[in-house]
Each structure stands twice: as C-alpha cells, then as structure tokens.
Amino acid sequence: MAAESADLVILGGGSGGYACALRASQLGKSVILIDRDKLGGTCLHRGCIPTKALLHAAEVADSARESEAFGVRATLDGIDMPKVNAYRDQVVGRLYKGLQGLVKSRNVHMVEGTGRLVGPNAVQVGDTIYTGTTVVLATGSYARTLPGLEIGGRIMTSDQALELDYVPKSVIVLGGGVIGVEFASIWRSFGAEVTVVEALPHLVPNEDEACSKALERAFRKRGITLSLGVRFASATQNADGVQVGLEDGTTLQADLLLVAVGRGPSTAGMGFDEQGITMDRGWVLVDDRLRTNLPNVYAVGDITPGLQLAHRGFQQGIFVAEEIAGLNPEVIPDINIPRVTYCEPEVASVGLTEAQAREQYGEAVTVYEYNLGGNGKSQILATTGFIKLVQRTDGPVVGVHMVGSRVGEQIGEAQLIVNWEANPQDVASLIHAHPTQNEAMGEAHLALAGKPLHAHA
Ligand SMILES: Cc1cc2nc3c(=O)[nH]c(=O)nc-3n(C[C@H](O)[C@H](O)[C@H](O)COP(=O)(O)OP(=O)(O)OC[C@H]3O[C@@H](n4cnc5c(N)ncnc54)[C@H](O)[C@@H]3O)c2cc1C
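## Details of the site of the ligand
Thinking step 1. Taken together, 36 residues are adjacent to the ligand, and Gly12, Gly14, Gly41, Gly140 and Gly301 come closest.
Thinking step 2. Only helix H1 (15-26), strand E2 (31-35), helix H2 (41-46), helix H3 (48-65) and helix H8 (310-324) provide two or more residues apiece to the shell around the ligand.
Thinking step 3. No other element matches H2, which puts four residues into the shell around the ligand.
Thinking step 4. Considering only residue class, the shell around the ligand consists of ten nonpolar, 21 polar and five charged.

## Some remarks on the packing of H3 against helix H6 (residues 178-189)
Thinking step 1. Viewed as axis vectors pointing N to C, H3 and H6 meet at an angle of 35°, and their least axial separation amounts to 8 Å. For H3 against H6, the interelement crossing comes out left-handed. Touching Thr51, Leu54, Leu55, Ala58, Ala61 and Asp62 of H3 are Glu182, Ser185, Ile186 and Ser189, all from H6.
Thinking step 2. For the contact of H3 with H6, the residue count by class is five nonpolar, three polar and two charged.

## Quick notes on the sheet that holds strand E14 (residues 251-254)
Thinking step 1. What the three strands build is an open sheet, ordered E12-E13-E14; its pairing is antiparallel. Two strands lie at the open edges of the sheet, namely strand E12 (232-238) and E14, each paired on one side alone. Recorded for the sheet is a direction-independent mean angle of 20° between the axes of neighbouring strands.
Thinking step 2. Bridging between E12 and strand E13 (residues 241-246) involves six bridges; their strand directions are antiparallel. Residue pairing in the sheet places Thr236 in a bridge with Gln243 of E13.

## Let's talk about the domain arrangement of the protein
Thinking step 1. Considered domain by domain, the protein is made up of domain 1 (2-143 + 264-334), domain 2 (155-261) and domain 3 (345-448).
Thinking step 2. Taken over C-alpha atoms, the centre of domain 2 sits 29 Å from the centre of domain 3.
Thinking step 3. Each partner contributes to the interface: domain 2 provides nine residues, whereas domain 3 provides ten residues.
Thinking step 4. Looking at the side of domain 2 that touches domain 3 residue by residue, the class counts come to six nonpolar, no polar and three charged.

## Re the sheet that holds strand E15 (residues 256-259)
Thinking step 1. Within the open sheet, the five strands sit side by side as E8-E15-E9-E10-E11. Their pairing is parallel. A single partner strand is all that each edge strand has here, and the edge strands are strand E8 (155-156) and strand E11 (225-228).
Thinking step 2. Here strand E9 (residues 170-174) pairs with strand E10 (residues 193-198) via five bridges, running parallel. Within E10, the position partnered with Val173 by the bridge is Val196.
Thinking step 3. Seen against the sheet, H6 touches E9, E10 and E15 and runs at an angle of roughly 165° to E10.

## Here's the deal with the pairing of E11
Thinking step 1. Pairing of E10 with E11, which is carried by four bridges, proceeds in the parallel orientation. Of the residues in E11, the one forming a bridge with Thr195 is Thr225.

## With respect to the nonpolar core
Thinking step 1. Core analysis: the largest hydrophobic core is formed by 76 residues, its most contacted members being Val173, Leu174, Leu257 and Leu258.
Thinking step 2. It is H6 that contributes the most residues to this core, seven residues altogether.
Thinking step 3. If we skip the residues at most four places from it in the chain, Leu258 touches Met156, Ala161, Val171, Val173, Leu174 and Phe183.
Thinking step 4. Within the second largest apolar cluster, 46 residues are counted, among which are Leu22, Leu117, Phe272 and Ile303.

## Points about H3
Thinking step 1. A rise of 1.5 Å per residue sets the reference length of H3, with its 18 residues, at 26 Å; its end C-alpha atoms lie 25 Å apart and thus fit the reference within 8%.
Thinking step 2. Taken as a whole, H3 has its buried residues at Pro50, Thr51, Leu54, Ala57, Ala58 and Ala61. Considered in projection along H3, the buried side chains sweep an arc of 120° and stay on one side of the axis.
Thinking step 3. Those residues of H3 hidden inside the fold are in contact with H2, helix H4 (81-105) and H6.

## Some points on H8
Thinking step 1. Under the 1.5 Å per step criterion, the end-to-end length of H8 is 21 Å for 15 residues, consistent within 8% with the ideal 21 Å.
Thinking step 2. Taken together, the buried positions of H8 are Ala310, Arg312, Gly313, Phe314, Gln316, Gly317, Ile318, Phe319, Val320 and Ala321.
Thinking step 3. Check the buried side of H8 and you find it contacts H1, H2, H3, strand E6 (128-137) and strand E19 (297-299).
Thinking step 4. Residue Gly326 follows H8 closely and has a positive phi angle near 80°.

## Section: the environment of Thr304
Thinking step 1. As for its position among the elements, Thr304 is in the loop between E19 and H8.
Thinking step 2. When the C-alpha atoms of Thr304 and Leu27 are compared, they prove to be 24 Å apart, with 277 residues separating the residues in sequence.
Thinking step 3. With near-sequence residues (within four places) excluded, Thr304 lies in contact with Trp283, Val284, Val286 and Ala299.

About the criteria used
- Residues numbered from 1 in each chain as written.
- Predicted model: local features only at pLDDT ≥ 70, side-chain atom pairs only at ≥ 80, totals over all residues.
- Near = placed C-beta within 6 Å.
- Helix = DSSP H or I, 4+ residues; strand = E, 2+ residues; numbered from the N terminus.
- Nonpolar A, V, L, I, M, F, W, Y, C, P; charged D, E, K, R; others polar.
- Axes fitted to C-alpha atoms, helices over the stretch in contact; angles between N-to-C directions.
- Left-handed = near helix turned anticlockwise from the far one by under 90°.
- Contact = placed C-beta atoms within 7 Å.
- Pairing = 2+ DSSP bridges.
- Domains from an automatic or database assignment.
- Core = buried A, V, L, I, M, F, W, Y, C linked by C-beta atoms within 7 Å.
- Buried ≥ 20, exposed ≤ 12 C-beta atoms within 10 Å, placed from the backbone.
- Expected span 1.5 Å × (residues − 1).
- Arc of directions from axis to C-beta.

See below:
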C-alpha cells in the first residue's frame, strides 16, 4: 500500500471541497483533493451552472414569443434542444477548464478516484492511503426519490432531465421546491404543458408566504398547472407516457415525470460511520465551526444539514481553511445566507421571513412591501412583483424577500443589509441609481424610514 500525506486531505472536489483547497493553498498549506468524478461537482456539472444556462435560453425564447408587445417583429420557430445543450456545455466546459487551471496553479494535488475514510485522518483511494493533519469531508448530495418510485425511463431526476435532447410535450414535476420550479419554468418557456405537484400548501415552501403566493399567481398566469397540498400516491409508465396518481384520487398523464423531492447526503459506504463520525440519517453533524466529533475532521457543503447551496459550500470551505490556519473566521448563520430561486419570475431572499420574525420578536416587527409597479426599470421589463422588508420595529432590517424578473441580482445588497444589521435609515441615506431595479431596494427603505418617494405612504 502506497502512502502520501499533506496538511489537508479533502474528500470531494465540489463547491465546498475545491473552495477549501484553493483557500488552504493560498494560506500556505499542502493539499490533496480527491474526487471520483469531475472537479467542480454538482454545481458546475449537474446543478447551478447548466440549469442557469437553460434558464437563459428559456428567457431568450420568452423574449421572442413576447416581442410583439415591445414592437419588435420576431417569431419563435421552436427550440433546438441539441443546440441549447451545446451552448450550455460550452459554458460549463469553459468554467471547468478555468477551474482545472486554477487548482493546478495553486499546487493542489488532485487525485482521481473513489475515496473511503479508513482512519480518523486517512483516506484510501485504490492502493494509496492519503493522510492529512486535517481531513475535510465534502462528498455532496444526490437526488432523492420517494419509496416505491423508481427512477428510469420516463421517470427522472434533474440529472437525467439535464441530458434530454428534446423538449417534452408535457411534464409532471413532483416537488415545488427550488429545483422543481426551475425545471417547470424552463420547460414552460420551451413550450411544454407543465403540472407541478407539491404536498405542502405552497410552492417554494421555505420562503416567505407572500413570495410563494406571488410565484403561484405568476406561474398560473404562465399556464403552469399547480396541484398544491396534495400528496403523490403512485406512478406507472408505458410507451405512451407516465401516469401519476395523487392521494386525492386525481390521475395525471404526461410524457415525463421529474422527481424533485429533495437531495440526500452522499455519505453511504464511505467509511464515515465505521470511523465513529456522528451522523443523523446520513448527514454528517458538525458544530458551528464545522468540526465533526472526530478531532481534525471537518465537513462542509451539502453533507451537513442545512441549506444546500453552492455559495454556502464555498463559504464553508473557505471557513475551514481559515480556521485551521488560525485566522478565526466569522460564523455566518444559515438564515443570513442569500437564497435565490431561479425561475420566471425569480424569488430571492435573505434573513427571517415575516412568520419567523414574529415568532422571534412577537409584536415588535414592522413589515413593508414595495410594489415593483412603482419601479421604472421593472415597468420597462414588464415585470411585476415586490420587495418585502421585515424589520425589528425601530431596529435593523432582519429579512428581505423579493419576487420579480431578475430580482436575484438584487440579493447582493440585501444580504449586506441583513448581515450588517442596517437600519432602514442607513440604507435610505444611500443613493440607488436610476433607472435600475435596484432603485426599488432604496425606495423600500425610504418608505420604511418614513420618507417614501415613489410610493404611497
Ligand atoms: C439541478 C440543481 C440546480 C442547482 N442550482 C443551484 C443554484 O442555482 N445555486 C446554488 O447555490 N446551488 C444550486 N444547487 C446546489 C449546489 O449544486 C450544491 O449545493 C453544491 O454543489 C454542493 O457542493 P458540495 O461541495 O457540498 O457537493 P457537490 O458539488 O455534490 O460535490 C461533491 C463531490 O464529491 C465527489 N465525491 C463524492 N463521494 C466521493 C468519494 N467517495 N470519493 C471521491 N469523490 C467523491 C463527487 O464526485 C462530487 O464531485 C443546485 C443543485 C442541483 C441538483
């Protein structure tokens, strides 16, 4: 058995793992980074980037379809899915190449292969044992399904949906969370008949209810059928399509069924249990400094319970690298991590929802909703929606919740406001450029500071 060692051995080269590797090497540490697949993980190859490329193509399709309203004569002849996929692959390919170059330039030792934790600080890949002063587990997540619902043929997860080289005529999307609504939005823009089935009463159920309801209205207006508060019962498929039974007795029929019911931790069979790591239903449990119960073993990204987001993985990876370098980095609570749901219209939020704020602060909560109807750029884009602020009465803004085309681009300022605990007056005294959608952020704070400009008091 061969042996190698480094300051850091990182298992998994996705968002969490590679961010940790890059930052650690910047801080002078030697790093071994192990991945069984492609550097970049889910986000780059099967998640954030490919889906956002499809969403951009979807936006182009919508622009062509709606061009008449803007006085532009264009027709949408159809969607050439192989070409859409080629465009997407080009985007992914360029980023992949850049990332490979970056990792190489930082002297990170990449190891290709499946790793298994075989000692408290040792990972085995093939015939080699890699020992680290610190070990970081970053093996990510996989698309889950429901008991009795087998993936295959016309029943697929996001992994297979991204491989489709045609636009289905009709789709049932099981799950109205972030991944479900993204695909529903893409397929609808590409011309498919789409039905979303969600067991909870609302789409994107983790968001402020006002956002969920606004998204539901917008989706219905786009011709997306919603079946909310109804549980899935069964699915069968044959040459003609897939038949989905719901617990209320309804049967739905479509070309495809997308199962988007969440993602589970990718930890089975990796030796974590055997080494005595404390786990809960496959999740690796960590404290607020991302330490597992084993000394010098950390875990980052989707295998830890909480928000499954690439930028959370990046931040956690950087955090661990800085922590072991003795830089004492600041903990960012999950609630203050920005969240964007990329569909048309977009939903973006950070901080407490109104309900969470009321639970925490009781009556001492002030809420203000600025309607995008008063925002020039939103009118130009012909989008509707709002920016909702949740404030601790006479105190800082603790939550920002937005719906509308492109509002995801506003999340940067929103997360500074919440994380820097800004009062409405602090934001109101700053200037927001005209005419931008960002102005709506300024207007909302002006209103909450008691001096609304383009809004009724
Ligand atoms: C369809 C979809 C869309 C998404 N869109 C967004 C988005 O827009 N924004 C956002 O923030 N997040 C999005 N996400 C979530 C995001 O992709 C994940 O949160 C992120 O990739 C998690 O990073 P990670 O490092 O924890 O795990 P991963 O990216 O999953 O990386 C884990 C890596 O570990 C490797 N690995 C696993 N086990 C082993 C082993 N035993 N040995 C060696 N290597 C191993 C895998 O090959 C993989 O490369 C999306 C996810 C999906 C599925």
